[in-house]
Amino acid sequence: MAPASASPLASDLRAAYLRQSTAFCPGCGHGIFMNAFLRAAAALPLDFDRTVFVSGIGCGAWVPSPHFLADTLHVTHGRAVAFAAGVQRARPDLNVVVISGDGDLANIGGNHLIHAARRQIPIKVFCLNNWLFGMTGGQVSATTPRTARTATTPAGNPDPPFDLVRLVLGAGAPFAARWPVSQPRQLARGILHALQEPGFAFVEVLSICPTHFGRANEALLPGEAAQSIPWRMLEWLRRNCVGRERAAGLPPEERAGKILTGEWRGEEGWP
Amino acid sequence: MPKPHRVTIVESLCKGQACALCAQVCPASVFRPADHPTPQGIMPMQAAYPEKCTACHQCDQLCPDLAIDVIAEGAEPAPLPARGGPFPRPNPMGGWVERPALLPAGSYFMSGNEACAEGALAAGCRFYAGYPITPSSEIMVHMAHRLPALGGTFTQMEDELGSIAAVIGASWGGVKAMTATSGPGISLMLENIGYAIMTETPCVIVDVQRAGPSTGQASRPAQGDIMQARWGAHGGVDLIALAPWSVQEMYELAIRAFNLSERFRVPVFLLADEIVSHLYETITIPPAVRTFERVRLPQDMPFDTPEIDGVPPMPAFGEGAYLLVTGSTHDGRGYRRTTDAAVQDKLVRRLSAKIRHHQDEIDDWEAYMLEDAERVLVACGSTARSALWAVQAARRQGQPIGLLRLRSLWPFPDTVVAAHCRGRGEIIVPEMNLGQLAGEVRRAAGAPVTSLTQVDGEPIDPRRILAYLQEGRW
Ligand SMILES: Cc1ncc(C[n+]2csc(CCOP(=O)(O)OP(=O)(O)O)c2C)c(N)n1
């Protein structure tokens, strides 16, 4: 029996949804997200003709603008969620989707994020967390793991990171999820779920920045030198992420230090 | 022997061995690097052994560049949903229209802030986002009560950065939008006001000026934001600012602010002050209002025109224009051109020229007793009320003196000031700051300028101006 086709062709996705080839570094996790997002959008389907994509400044913000063949609003650093709130409130007939980086949404834009979550503004927010500021050369962000090396923490990051899922749930978000780009099929499914949510939905996408995070922290990555840095970073994600349901059954010592992935509902309380 | 699956890589999209995720995820060793570089100098990956492919689809779903197609033998790729409309295209031609005013024609007793809100509504404003601050808050409260019944949207945001952001977002949604604040809020809004200039987004920003700097005196008047309005956003490109002196003008100039904003696709400041905003006066609401409706005409170039000083049409979201709105330097279609000197130069010059070259449509002033005046007072906002009183009193004493009241401040009405000031004996500029207006007047007047400044948070007492006119004392 011939295998069922899981998904559309990449060439069809490009023709239908993209204006141009990707502008990212080799092996960029944001590109993996873009691939998964388009598959989720095609499957839902998300009507690109009635969707406004809002993004701030950073590599993650480039996913929709200039790539997506749709209405895009590429705004100032940190303000994507506030612009999106304005679009949504003025035009509730349109879908409003924010795609931006961790620095953009959680450092400089953190206030807008928590208030949109509290007010449950019906926008979908995808935070591409590559663990640092990619575009400006790999500086520490609000999600950089403790001890990780960045351009501005040469001796290792002294500060603990945000848990973005807890942050938005604590602020009142009805739906939050976290998925790594290392499992693109699961990621596409997670994106689809978020896009189906009627209200505010937040997805932390665990992405990779081979150029800055990968190079600065190569010593911490699993695998061997013959493998590409993007691949070793994906391997690092695979080893360190564990589904929240599976994690619940793990002994504490195996659970320690793992990143929980999955979906959370606001009414459950904190994860 | 079953037919093999088909695996193809578009070489021009592939980023090669530095990525090579396909080769590493493939359980069947289908991929290897090609032996020839692409024109970009990258060694692309190649599906060298497609016969080994099991159509597990891990490679095409992981590829960050969407460069890989896997067509499983005997399976049809999932079709994609159709695109391309039909799209709603409301009022594409835009332009000047006359519509009935919202309030029944007649006399009303109201505050400047209320009149401002009513003027905005009459102009067609249907979106307000803001953050409370004295002395502007009554505008926001009035909007909160009025907008829902008019089918509009009111939203109180988390701060002023968010307020102006929401306003710009709403404007691209095709809705006339505004915010109101005071100096501290303007300081926070400036980055996005620059964004509105760069993206040519119509919106109205009311600045009810209070005594600064910083938190200063919240309920005391000032005119300290004149330069901030013009030069606050980095890059220094023109915008428009109007200065009302009465409750009637809070209504009328709010309408005009929207009209200019839509006409020129530029943020427009209504530079009020605490006195005109909290003053109660009787105003006349005429039966009709003339408004400028945005030209939405969908076309290729929402961000450029063939003319060097043109205003491009502005389609809204959801109309099939697939807008690329960005605050980065962009070409006419919105594509970022962040290292192209010619594009940057052309854009910045047009953003300025579309205002400067149409200054005759923007300049707005009133002249009082200027014909035979040897000395001319130049003033704006509530200070002009004091100035007029002083001029009238001095005239009664036989002094040949007049007043030029500026109702538009930016672009600065150089020609108007020169026409009324050149060759006069003295130009006197009273204002509630350290000489911001006087500096501009000095540049344009062609006559000696005296700057009368007051920064104590009190309105300028007309008797103080009169004393200067009589005795030269300030
Ligand atoms: C107000 C302001 N401050 C700083 C910058 C410089 N800047 C551009 S992108 C960026 C960080 C982006 O990081 P992130 O959102 O994590 O995106 P990434 O590039 O990592 O995907 C910064 C600080 C800016 N554009 N605007």
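Throughout this description, residue numbers start from 1 for each chain and increase along the sequence as written. Written order determines the labels here, with chains lettered from A and ligands numbered from 1. Selection of residues for local features in this predicted model requires a pLDDT of at least 70, selection of side-chain atom pairs for listing and counting requires 80 or more, and totals for whole chains, interfaces and linings are taken over all residues. Here the side-chain values reflect all heavy atoms present in the structure, with hydrogen atoms and water set aside.

**Section: the overall build of chain A**
- Put simply, DSSP H or I for four residues or longer makes a helix, DSSP E for two residues or longer makes a strand, and each gets a number counted from the N terminus. Scanning chain A for helices and strands turns up eleven helices and ten strands.
- For the radius of gyration, the atom set is restricted to C-alpha positions; the globular benchmark scales as 2.2 Å times the number of residues to the power 0.38. Its C-alpha radius of gyration of 18 Å places chain A within 12% of the 18 Å reference for a compact globule of 271 residues.
- By its C-alpha atoms, chain A is 50 × 45 × 40 Å across when sized along the principal axes.
- Throughout this description, buried means an accessible area under 20% of the type-specific maximum (1.4 Å probe, protein chains only), exposed means over 50%, and partly exposed covers the range between. Sorting the 271 residues of chain A into buried and exposed places 61% on the buried side.
- Residue contacts are defined here by distance: any two heavy atoms, one from each residue, within 4.5 Å place the two residues in contact. A separation of at least 24 residues holds for 66% of the contacts in chain A among residues at least 6 apart in sequence.
- Calculation of accessible area relied on Shrake-Rupley with a 1.4 Å probe; when residues are assessed, cover is drawn exclusively from the protein chains displayed. A total accessible area of about 9500 Å² is found for chain A, and carbon and sulfur atoms account for 54% of it.

**Structural notes on the interface of chain A and chain B**
- The partner chain B presents 73 residues to the 72 residues of chain A that form the contact.
- Two parts placed together each lose some accessible area; with a 1.4 Å probe, that loss summed over both constitutes the buried area. Both sides together, the interface formed by chain A and chain B hides about 5800 Å², and carbon and sulfur atoms give 59% of it.
- Salt bridge criterion: a side-chain nitrogen from Lys or Arg within 4 Å of a carboxyl oxygen from Asp or Glu. The tally of links from chain A across to chain B stands at one salt bridge.
- Here a polar contact means two N or O atoms within 3.5 Å. Within protein one must be a hydrogen donor candidate and the other an acceptor candidate, and residues neighboring in sequence count only if both atoms are side-chain atoms. Remark: the boundary between chain A and chain B carries 37 residue pairs in polar contact (both at pLDDT 80 or more).
- Breaking the side of chain A that touches chain B down by element, the ones donating at least two residues are α1 (10-17), α2 (29-43), β2 (71-74), α3 (80-90), α5 (110-119), α7 (184-196) and α9 (229-240) of chain A.
- Class assignment for the residues of the side of chain A that touches chain B results in 40 nonpolar, 20 polar and twelve charged.
- Note that β2(A) and strand β16 (residues 324-326) of chain B share three bridges and pair parallel. Residue pairing across strands places A:Thr72 opposite B:Leu324, the latter belonging to β16(B). Residues are grouped as follows: Ala, Val, Leu, Ile, Met, Phe, Trp, Tyr, Cys and Pro are nonpolar; Asp, Glu, Lys and Arg are charged; all remaining types, including Gly, are polar. Here, any two strands with at least 2 DSSP bridges between them count as paired.

**A look at the domain arrangement of chain B**
Residue and element names in this part refer to chain B.
- Note: domain ranges come from an automatic or database domain assignment. Domain parsing of chain B yields domain 1 (5-72), domain 2 (95-293) and domain 3 (363-471).
- Relative to domain 3, the C-alpha centre of domain 2 lies at a distance of 26 Å.
- Of the roughly 2300 Å² buried at the junction of domain 2 and domain 3 (both faces included), carbon and sulfur atoms supply 56%.
- Of all residues in domain 2, Gln 223, Ile 226 and Trp 245 bury the most surface against domain 3, accounting for 33% of the area lost on that side.
- Linking domain 2 with domain 3 are five salt bridges.
- For Asp 364, the salt bridge goes to Arg 256, with nearest N and O atoms at 3.6 Å.
- For the pair domain 2 and domain 3, the number of links is 17 residue pairs in polar contact (both at pLDDT 80 or more).
- Those elements that place two or more of their residues in the side of domain 2 that touches domain 3 are β11 (217-221), α7 (226-231), β12 (240-242), α8 (247-264), β13 (267-273) and α9 (274-278).

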